[in-house]
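Fold and geometry: a report
The residues making up each chain are set out below.
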Amino acid sequence: MFQWDTKERARMKKKKSNSLTTHHVIPTSRLKGKGILSVCKVPILMHQLYHSLFGNMTPEEILQHLNVSFWNDEYEITINKTPKIK
Ligand SMILES: [Zn+2]
């Protein structure tokens, strides 16, 4: 199971439960090299729960995991990144 490193855990403890934290859509530990890092802001509790459930899985891996573990593998999962509109 994925564990937050102790530095990250200490940083998270100092924040209020409703404060926003930065989440990397693709975990930095999963990026080969340093590509473009897509991030979003999420409340700290939701962020902790997300990583407790999904560790450092990618979005596609999360959907596959949910399908196998919670949906009896009854779905065919596809996921596509939306193109950036400028
Ligand atoms: Zn995160």
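Residues numbered from 1 in each chain as written. Predicted model: local features only at pLDDT ≥ 70, side-chain atom pairs only at ≥ 80, totals over all residues.

**Some words on the overall build of the protein**
As a reminder, the rule being used: Starting at the N terminus, helices and strands are each numbered in turn, a helix being any DSSP run of H or I of at least four residues and a strand any DSSP run of E of at least two. Here a residue counts as buried when 20 or more other C-beta atoms fall within 10 Å of its C-beta, as exposed when 12 or fewer do, and as partly exposed in between; the C-beta atoms come from the backbone. Here the contact rule is simple: place C-beta atoms from the backbone, and any two residues whose C-beta atoms are within 7 Å are in contact.
A tally of regular secondary structure across the protein gives three helices and two strands. When its helices and strands are written in sequence order, the protein yields α-β-β-α-α. Out of the 86 residues in the protein, the part that is buried amounts to 0%. Residue pairs in contact within the protein that sit at least 24 positions apart in sequence constitute 40% of those at least 6 positions apart.

**A word on the confidence of the model for the protein**
The following threshold applies: The pLDDT value tells you how sure the predictor is about a given residue, anywhere from 0 up to 100.
Taken residue by residue, the protein gives an average pLDDT of 85. The fraction at 70 or more is 78%. Per-residue pLDDT, averaged within each element of the protein, yields its smallest value for helix α1 (residues 6-14) (66) and its largest for helix α3 (residues 59-70) (96).

**What about unusual backbone geometry?**
At asparagine 72, a residue that is not glycine, the phi angle is positive and equals roughly 55°. For asparagine 72, the location among the structural elements is in the segment after α3. For asparagine 72, a count of 8 C-beta atoms within 10 Å gives the class exposed. Positive phi outside glycine occurs at aspartate 73, with the angle close to 55°. Following the sequence through the fold, aspartate 73 ends up in the segment after α3. Overall, the presence of 11 C-beta atoms within 10 Å leaves aspartate 73 in the exposed class.

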